[in-house]
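Tertiary structure, described
One letter stands for each residue in the lines below.
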Amino acid sequence: MPEHIDVSIVLAIYNEEDCVEKELSIIKENMDKSEFSYEIIAVDDASTDKTVEKILQFPNVRLIRHKRNKGSGGSRKSGTLAAKGEIVVWTDVDMTYPNHLIPELVKQLKNSDYRQVVGQRTSEEGTSKLFRVPAKYFMRKLASFLSRTSIPDLNSGFRAFYRSDILKFIHLIPRGFSCVSTTTLSFLCNDLDVGYMKIVYKKRSGKSKFHPFKDSYAYLLQILRMVIIFEPLRVFVPLSAIIFTISLVKSILDIIYAGNTQESDIVGYFMAFLIFAVGMLADLIVALNKKDNFDIDNSK
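Within any chain, residue numbers begin from 1 and follow the written order of that chain's sequence. Thresholds applied to this predicted model are a pLDDT of at least 70 for local features of residues and 80 or more for the giving and counting of side-chain atom pairs; totals over whole chains, interfaces and linings are not thresholded and use all residues. Side-chain numbers here rest on the full set of heavy atoms in the structure, without hydrogens or water.

1. Details of the overall build of the chain
Helix and strand definitions here come from DSSP, where helices need a minimum of 4 consecutive H or I residues and strands a minimum of 2 consecutive E residues; each element is numbered from the N-terminal end. Along its length, the chain carries ten helices and seven strands. What makes two residues a contact is simply this: any of their non-hydrogen atoms within 4.5 Å. Here the contacts in the chain between residues at least 6 apart in sequence split such that 77% fall between residues at least 24 apart. Carbon and sulfur atoms make up 58% of the accessible area of the chain, which totals about 15,200 Å². For the accessible areas, the method is Shrake-Rupley and the probe is 1.4 Å, while residue cover comes only from the protein chains on display.

Here is the structure:
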């Protein structure tokens, strides 16, 4: 293995015996043709099939084995921490993402001012489309509003970024599928530009590990959590304004129909003020924390 590695390709793998060999061959063949030195890190998340046996047939692939299932985010986190490359690529090995385009993804990152490039899917080929499509649309729009940035694809697992950047946020990555949205929001909320490369997303091989309701709920909570960590006023100010407006309307109606305001009106105003005050305090803490811990060097 060369002393300097350009790209570390991290693969989060769980029960992919049917396609892991083909995907590893595709990645290796196309990276060998590229200009980049690279390593492949396969993180097996306690598979119960023959996935590990298939991976061991590739001696140049670094294998990390979890003794218990830690989820997609846990696997990507383990692989990223173990990576030695300047650039880290995340992708899957279930035949959904165009892994032959990894060199192009890396080129777009290196030849731009972006700190992360995400594969923007042109279609939704996942299971439970009737639920997933509107749910993802809502969460993407919410994330765009909260981060003040247009996000064409929040949940794509095909992405490349500089390892030095992701290490600043590695402690925030959750164990589940929301790890990818966390990575996007971490960069955007800290003024690290994210670019997009359109890709064709295909139907996966085998059974999906995505649970529509549980994982969508986790996505939503993680979006709110990330924005509160980095941009708390985007949550607290609108919430405070809504409660204040409701209280004001109720006060006017109480004066018109009852002749005076009610105790509940005062409680509403107090709640609005308290939420606003908490938001301001949170924003101050975030500002101090960014100064101390997120002093990001945008030089490559």
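Next, the rest of the story.
2. What about unusual backbone geometry?
Non-glycine residue Ala46 carries a positive phi angle of around 60 degrees. Looking at the secondary structure, you find Ala46 in the loop between strand S2 (38-44) and helix H2 (51-55). Positioned with a positive phi, Asp191 is a non-glycine residue whose angle comes to about 60 degrees. By relative accessible area, which is 65% here, Asp191 ends up exposed. Buried, partly exposed and exposed residues are distinguished by accessible area as a fraction of the type maximum, computed with a 1.4 Å probe on protein chains only: under 20%, between the cut-offs, and over 50%, respectively.

3. Looking at the environment of Ile173
Of note, Ile173 is situated in the loop between helix H6 (163-166) and helix H7 (179-188). What makes Ile173 buried here is its relative accessible area of 8%. Residues Ile173 and Thr183, spaced ten residues apart in sequence, show a C-alpha to C-alpha distance of 7.3 Å. Setting aside residues up to four positions removed in sequence, Ile173 forms contacts with Gly73, Lys77, Trp90, Ile166, Cys179 and Thr182.

4. Considering helix H4 (residues 102-110)
If you check which residues of H4 are buried, you get Ile102, Pro103, Leu105, Val106 and Leu109. All buried residues of H4 lie within an arc of 160 degrees about the axis, which places them on one face of the element. The secondary structure elements touched by the buried residues of H4 are strand S1 (7-13), helix H1 (20-33), strand S4 (87-91), strand S5 (116-121), strand S6 (159-162) and strand S7 (194-199). This arc is taken over the directions from the axis of the helix to the C-beta atoms.

5. Quick notes on the sheet that holds S2
Strand pairing in a sheet is mediated by backbone hydrogen bonds. Such pairs are either parallel or antiparallel. Only strands that DSSP links by at least two bridges are regarded as paired with each other. One open sheet accounts for seven strands, arranged S3-S2-S1-S4-S6-S5-S7; its pairing is mixed. The strands lining the two open edges of the sheet, one partner per strand, are strand S3 (61-65) and S7. In this sheet, neighbouring strand axes are inclined to one another by 20 degrees on average, regardless of whether the strands run parallel or antiparallel. Relative to S6, S5 is paired through three bridges, and the arrangement is antiparallel. Between N-to-C directions, angles span 0 to 180 degrees; the directions come from axes that are lines fitted to C-alpha atoms, helices contributing only their stretch in contact.

6. A look at the side chain of Ser156
With respect to the secondary-structure elements, Ser156 resides in the loop between helix H5 (129-147) and S6. For the purposes of these results, a polar contact is taken to be a pair of N or O atoms within 3.5 Å, where, inside protein, one atom must be able to donate a hydrogen and its partner to accept one; residues adjacent in sequence count only when each atom of the pair is a side-chain atom. A polar side-chain atom of Ser156 sits 2.6 Å from the main-chain carbonyl oxygen of Gly119. Beyond its immediate sequence surroundings of up to four residues, Ser156 is in contact with Tyr97, Val118, Gly119, Arg121 and Val180.

7. Let's talk about the nonpolar core
Of all hydrophobic cores here, the largest spans 34 residues; its most connected members are Trp90, Ile151, Leu185, Phe187 and Ile223. Setting aside its immediate chain neighbours within four residues, Ile223 contacts Met139, Leu142, Ala143, Leu146, Leu154 and Leu185. We call a set of buried Ala, Val, Leu, Ile, Met, Phe, Trp, Tyr and Cys residues a nonpolar core when their side-chain atoms join them within 4.5 Å. Within the second largest apolar cluster, 30 residues are counted, among which are Tyr38, Val61, Phe158 and Ile199.

8. Re the packing of aromatic side chains
Two aromatic rings, drawn from Phe, Tyr or Trp (for Trp, its six-membered ring), form a pair once their centres lie within 6.5 Å of each other, and the interplanar angle then sorts them: stacked below 30 degrees, edge-to-face above 60, tilted otherwise. Tallied over the entire structure, the rule returns six aromatic pairs. Taken together, a centroid distance of 5.1 Å and an interplanar angle of 55 degrees make the contact between Tyr97 and Tyr201 tilted. Taken together, the residues span a long stretch of sequence, with Tyr97 in the loop between S4 and H4 and Tyr201 in the loop between S7 and helix H8 (212-230) at a distance of 104 residues. Of the two residues examined, Tyr97 and Tyr201, each falls in the buried class. Members of the aromatic cluster, connected to one another through ring pairs, are Trp90, Phe161, Phe169 and Phe187. Geometrically, a charge over a ring is one whose NZ (Lys) or CZ (Arg) sits within 6 Å of the ring centre while staying within 35 degrees of the ring normal. The lysine or arginine in question, Arg115, covers the ring of Tyr162, its NZ or CZ lying 4.4 Å from the ring centre.

9. Overview of the pairing of S5
Each regular strand carries side chains that alternate between the two faces of the sheet. Across the six residues of S5, six count as buried, placing the element largely inside the fold. Every second residue of S5 is oriented toward a common face, with Gln116, Val118 and Gln120 on one face and Val117, Gly119 and Arg121 on the other, all of them buried. Where S5 and S7 come together, six bridges link them in parallel fashion. Note on S7: the bridge partner recorded for Gln120 is Lys198.

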